[in-house]
Amino acid sequence: MIKTVNLNEVLRGESAPPACDTTLGVKALEAGEGYAKGQWIIEDRLLNGNGVIMGGFVAAAADIMMAYAITPLLTEDQTFASINLQTTFHRPTFTGEVDIEVKVEKFGRTVSYLTADLMQNGKLTASVTSSIMIMAKK
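Below or above, wherever it landed, is the structure these notes cover.

## As for the pattern of salt bridges
Pairing of side chains with opposite charge becomes possible as their charged atoms draw close.
Then comes step 1: A complete count under the given rule lists three salt bridges for this structure.
Then comes step 2: Put simply, Glu 14 and Arg 12 hold a salt bridge, and the shortest N to O gap is 3.1 Å. In this pair, the class of Glu 14 matches that of Arg 12, namely exposed.
Then comes step 3: Arg 45 is paired through a salt bridge with Glu 43; the nearest N and O atoms lie 3.0 Å apart.
Then comes step 4: Relative accessible area serves as the criterion here: at 51%, Arg 45 is assigned to the exposed category.
Then comes step 5: Classification of Glu 43 as partly exposed rests on a relative accessible area of 44%.

## Concerning the layout of surface pockets
Sizing a probe to match a water molecule and rolling it over the atoms shows the empty space that remains.
Then comes step 1: Each pocket or cavity is described by its volume, and for the largest pocket that value is around 690 Å³.
Then comes step 2: Val 5, Asn 6, Leu 7, Thr 79 and Phe 80 are the residues nearest the centre of the largest pocket, which is lined by 23 residues in total.
Then comes step 3: A breakdown of the residues in the lining of the largest pocket according to their chemical character gives 11 nonpolar, eight polar and four charged.

## Here we look at the pairing of strand E6 (residues 123-136)
Then comes step 1: As judged from the 11 bridges shared by strand E3 (residues 78-89) and E6, these two strands associate in the antiparallel manner. Within E6, the position partnered with Ala 81 by the bridge is Met 133.
Then comes step 2: Relative to E6, strand E5 (residues 111-120) runs antiparallel, the two sharing 10 bridges. Bridge pairing links Leu 118 to Ala 126 in E6.
Then comes step 3: Counted between consecutive antiparallel strands, the loop separating E5 from E6 contains two residues, among which Asn 121 sits at a positive phi close to 55 degrees.

## Topic: the sheet that holds strand E2 (residues 35-42)
Then comes step 1: Pairing is antiparallel across the open sheet formed by six strands, whose spatial order is E1-E2-E4-E5-E6-E3. Looking at the sheet topology across the chains shown, the edges are occupied by strand E1 (26-32) and E3. Ignoring strand direction, the axes of neighbouring strands in this sheet form an average angle of 20 degrees.
Then comes step 2: As paired elements, strand E4 (residues 96-107) and E5 share eight bridges and run antiparallel to each other. Looking at the pairing, Glu 101 lines up with Asp 117 of E5.
Then comes step 3: Sitting on the sheet, helix H3 (residues 55-70) touches E1, E2, E3, E4, E5 and E6, and the angle it makes with E2 is about 145 degrees.

## Focus on H3
Then comes step 1: Between its first and last C-alpha atoms H3 spans 23 Å; for 16 residues at 1.5 Å apiece the expected length is 22 Å, and the two agree.
Then comes step 2: For H3, the set of buried residues is Val 58, Ala 59, Ala 61, Ala 62, Ile 64, Met 65, Met 66, Ala 67, Tyr 68, Ala 69 and Ile 70.

## Quick notes on unusual backbone geometry
Then comes step 1: Residue Asn 121 is not a glycine yet carries a positive backbone phi of 55 degrees.
Then comes step 2: Structurally, Asn 121 can be placed in the loop between E5 and E6.
Then comes step 3: Residue Asn 121 is classed as exposed on the basis of its relative accessible area, which comes to 75%.

## Points about the side chain of Gln 120
Then comes step 1: Examined against the element boundaries, Gln 120 turns out to sit in strand E5.
Then comes step 2: Within polar-contact distance, the side chain of Gln 120 engages the backbone oxygen of Thr 95 at 3.5 Å.
Then comes step 3: What Gln 120 contacts, discounting residues up to four positions off in sequence, is Pro 92, Thr 93, Phe 94, Thr 95, Gly 96, Glu 97, Val 98 and Thr 125.

Parameters at a glance
Residues numbered from 1 in each chain as written. Predicted model: local features only at pLDDT ≥ 70, side-chain atom pairs only at ≥ 80, totals over all residues. Heavy atoms only, no water. Salt bridge = Lys/Arg side-chain N within 4 Å of Asp/Glu carboxyl O. Buried < 20%, exposed > 50% of the residue type's maximum accessible area, 1.4 Å probe, protein only. 1 Å grid on protein atoms, 1.4 Å probe; cavity = no way out; pocket = protein on both sides within 12 Å on 5 of 7 lines; lining within 4 Å. Points joined across faces, edges and corners; volume = space filled by probe spheres on them. Nonpolar A, V, L, I, M, F, W, Y, C, P; charged D, E, K, R; others polar. Pairing = 2+ DSSP bridges. Helix = DSSP H or I, 4+ residues; strand = E, 2+ residues; numbered from the N terminus. Axes fitted to C-alpha atoms, helices over the stretch in contact; angles between N-to-C directions. Contact = heavy atoms within 4.5 Å. Expected span 1.5 Å × (residues − 1). Polar contact = N/O pair within 3.5 Å; in protein donor to acceptor, adjacent residues only side chain to side chain.

Here it is as structure tokens:
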């Protein structure tokens, strides 16, 4: 059986976040109609051989927060899945705190478009765009 987590319940403090959130160290701080803000606490275990955070982890952190931004816009009988995730790296990301802000740029009936900015020490480290498919729950 597939274990699902209601992200609205996570935001209200009624349930624990999904394992991907805690594994990566991402915490949703707030979300509403088409936006989300979160904080990523990065530990040394996410460093690559060059001493910076692996780019795939940066994209994954943005993807996690995108889920929190889109969830409040869905009905109870809808779910979603990322179709495309494009990441532009502006500078390396290091251990420490990263702020993540997400906006739903366009909420469509079947596809939505989101953007995320990841900031560390007041500087933009990465920008991420995503197309997300909206579908009925089975």
